[in-house]
Structure formats: structure tokens, C-alpha cells
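# Inside the fold
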Amino acid sequence: MKAIILAAGEGTRLRPHTLSRPKCLVEIDGRSLLDRQLDVLNSENVDPIIVVGGYRAEMLRRENIKLRINPLFSETNMVWTLFCAEADLEGDMILSYGDIVYSRDILRSLLKSEADIAVAIDLDWESYWRTRNDDPLDDAETLKISSDGRILEIGQKPKSLKEIEGQYMGVMKFSAKGVGILKDVYHDAKIAGNLLSKPIQNSYMTDLLQSIIKLGYRVDAVPVHGGWVEVDSREDFSSETTRSRLQQIRNSI
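The numbering scheme is per chain: residues are counted from 1 as the chain's sequence reads. Confidence filtering applies because this is a predicted model: local features only for residues at pLDDT of at least 70, side-chain atom pairs given and counted only at 80 or more, and all residues used for totals across whole chains, interfaces and linings. Water and hydrogen atoms were dropped before computing side-chain values, which therefore reflect all heavy atoms in the structure.

### Observations regarding the pairing of strand E10 (residues 151–154)
- At least two bridges found by DSSP between two strands is the condition for calling them paired. Helix and strand labels come from DSSP, where a helix needs a run of H or I of at least four residues and a strand needs a run of E of at least two; each type is numbered from the N terminus. Examined bridge by bridge, strand E9 (residues 143–145) and E10 share three bridges and lie antiparallel to one another. Among the inter-strand pairings, Lys-144 is bridged to a residue of E10, identified as Glu-153.
- Where E9 folds back onto E10 in an antiparallel hairpin, the turn is made up of five residues, including Gly-149, whose phi is positive at roughly 90°.

See below:
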């Protein structure tokens, strides 16, 4: 089982902490987000680990990862970054963002899933979001799940909390078949010139997942209850909630 970590962005909302380093190398209590995520992956012997860098990518070079580069990092988004590692998109894989850290329990839940496309979804998202935003609808997206665990909608702008049945975290698993679906949908969108009416260069992973869903493929939710953290802003960096959640994750390994 391989892992691919998307870590090409500049992290402008984290400045000045990202002026001299990639977002995933921002350190909290002396340890970077990337190293914390690597600790979790190593605890379950996930190998190889591929990191797709862009901004200050030279700082990501190390013995225990394979580095790929998105040279257009300043003008593209997550989907484009992922396909800068297209040669690595074969077989079973974990895919995650570089600005998150998640627990070993979450990783184990994903690894146990038999779904071709499995997405970790935090059912206890609202209390965490209220520590990060005055209005939990700020920076939130729709997430609708069927009674059998199938994701029906993801990544749209919500009008109310009722449209959010869980929080997409940015960590998921694909089987070899799921990777094939991912690639087919991407390349069809590239030929069409857009993904959900959006230029493919500017598309998010949720756009790609929603496109897969609209085409009738099954995307399964892997429900979790907390156990993760996102560091996207200066407020996240300085938050006691962030530190507390990181310590809990560290204790889970």
C-alpha cells in the first residue's frame, strides 16, 4: 500500500510561517505536519510514500519519501498536483493533503475498507469547526450520505447545517480499480476542458470526487469521530485546540 501526499501549495493563509518553508513543514511544538503524518503512515508500514511538492519543494527531499514536482503550483490546485504524480497512480493507495494530520485509528479504518473509493468523513465535525470559525458554515461544504454509507454529494456550498452530514478531511483510499476510475474521469474531463464547469487546473479533489459520483460510481464514506487536525491559517497554528488534537494523535501511535 502506497501513500501520496499533496503538498505543493504556498500556504498564504499561514504566512509568515510559510515564507521560508512549504506549508507541510510548518512546525508545531517542534515537529512538522509532514513528519507527524509520516509517523502515522510508518506505524502501519505504508510504503512507498510519495510527496508531490511545488513551493520550496527542495526542502521536502529526504531518504524515506519519493518526491514529485508540480512546477505550476502557483497557478493550479489539488487535482493538477495529484496528476503530476500520474506515473505513481497504480495499485492500492492512500491519498492525503499535506496540511492535515490524522490518527492511526483513522488510517486503520481506511485500510480496512473494502470499497474501491473510500473517503474518511468526520461525523463530529461541527464542534471542531466552531473552534475555528464564528459561523460553522464558513469554510464548510456539503456532504450527504445514504443509509448504506454511499456519499451522494460532496464539496458544494451549503445553505444550512442540514446539508452537512460530516466533514471531508482530505484523506482517502483507492483500490487499483478505484485508481482506474480516478484516472479515467480526470482524462475525460481534461479532454472536455473542464471538471464540473471549472477549469481542470483550478479543480479541487472534491470536484473530482463529485464528478465520479455524478457518473454513477460508488464513493463510500468511512465514518470517524474526530482524531484529526487541519492547519490552514495563522489562527490554526496558534490554537490550543490544534495542539491538543496533535497530542492526542501522537498518543495514538
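Back to the text.
### Thoughts on the side chain of Ser-233
- Along the chain, Ser-233 falls in the loop between strand E13 (228–230) and helix H7 (234–238).
- Residue contacts follow a heavy-atom distance rule, with two residues in contact if any of their heavy atoms lie within 4.5 Å. Here Ser-233 is in contact with Arg-13 and Leu-14, once residues within four sequence places are set aside.

### Remarks on the sheet that holds strand E8 (residues 117–122)
- Read across the sheet, seven strands follow the order E5-E4-E1-E6-E11-E8-E12 without closing on themselves; strand pairing throughout is mixed. The outermost strands of the open sheet, each flanked by one partner alone, are strand E5 (66–69) and strand E12 (220–224). Each strand axis lies, on average, 25° off the axis of its neighbour in the sheet, ignoring direction.
- Where strand E4 (residues 49–53) meets E5, four bridges bridge the pair, whose relative direction is parallel. Directly across from Gly-53, in E5, lies its bridge partner Ile-69. Inter-axis angles, ranging from 0 to 180 degrees, are taken between N-to-C directions of lines fitted to C-alpha atoms, where helices are fitted over the stretch in contact.

### Concerning the packing of aromatic side chains
- Here the aromatic set is Phe, Tyr and Trp, taking the six-membered ring for Trp, and pairing holds for ring centres within 6.5 Å; pairs whose planes are under 30 degrees apart are stacked, those over 60 apart are edge-to-face, and all others are tilted. The full count for this structure, using the stated rule, is seven aromatic pairs.
- Between the aromatic rings of Phe-83 and Tyr-186, the centroid separation amounts to 3.6 Å while the plane-to-plane angle is 5°, which identifies the pairing as stacked. With Phe-83 in the loop between helix H2 (78–82) and strand E6 (93–97) and Tyr-186 in helix H5 (residues 176–192), this pair connects stretches of sequence that are 103 residues apart. For the pair shown, Phe-83 and Tyr-186 are each scored as buried.
- Aromatic pair Trp-129 and Trp-228: ring centres 6.2 Å apart, planes at 35°, arrangement tilted. Residue Trp-129 is found in helix H4 (residues 125–132), and its partner Trp-228 is found in strand E13; the two are separated by 99 residues along the sequence. Pair check on accessibility: Trp-129 and Trp-228 agree, each one buried. Using a 1.4 Å probe on the protein chains alone, a residue whose accessible area is under 20% of its type maximum counts as buried, one over 50% counts as exposed, and one in between counts as partly exposed.

### Some thoughts on helix H1 (residues 33–43)
- Burial of H1 is extensive: nine of the eleven residues sit out of reach of the surface.
- Taken together, the buried positions of H1 are Leu-33, Leu-34, Arg-36, Gln-37, Leu-38, Asp-39, Val-40, Leu-41 and Ser-43.
- At the C-terminal side of H1, Asn-45 shows a positive phi close to 55°.

### Section: the environment of Lys-112
- With respect to the helices, strands and loops of the structure, Lys-112 is situated in helix H3 (residues 104–112).
- Residue Lys-112 is classed as exposed on the basis of its relative accessible area, which comes to 68%.
- Expressed as a C-alpha distance, the spacing of Lys-112 and Val-222, which sit 110 residues apart in the sequence, is 9.7 Å.

### Focus on empty space enclosed by the protein
- Think of a 1 Å grid over just the protein atoms. A cavity is a set of points where a 1.4 Å probe fits yet cannot get out, a pocket is an open set with protein on both sides within 12 Å along at least five of seven lines, and lining residues have an atom within 4 Å of a point. Grid points are joined across faces, edges and corners, and a volume is the space filled by probe spheres set on the points. Within this structure, the stated rule accounts for two cavities of 30 Å³ or more.
- Empty space within the largest cavity amounts to approximately 40 Å³.
- As for the largest cavity, its lining consists of Arg-36, Asp-39, Val-40, Val-101, Leu-246, Ile-249, Arg-250 and Ile-253.
- Every element with two or more residues in the lining of the largest cavity is listed here: H1 and helix H8 (240–252).
- Under the scheme applied here, ten amino acids are nonpolar (Ala, Val, Leu, Ile, Met, Phe, Trp, Tyr, Cys and Pro), four are charged (Asp, Glu, Lys and Arg), and all others, including Gly, are polar. The residue inventory of the lining of the largest cavity, partitioned by class, reads five nonpolar, no polar and three charged.
- Of the volumes computed, that of the second largest cavity is approximately 40 Å³.
- Around the second largest cavity, the lining residues are Glu-141, Thr-142, Leu-143, Ile-164, Gly-166, Gln-167 and Tyr-168.
- Of the residues that constitute the lining of the second largest cavity, the class distribution is three nonpolar, three polar and one charged.

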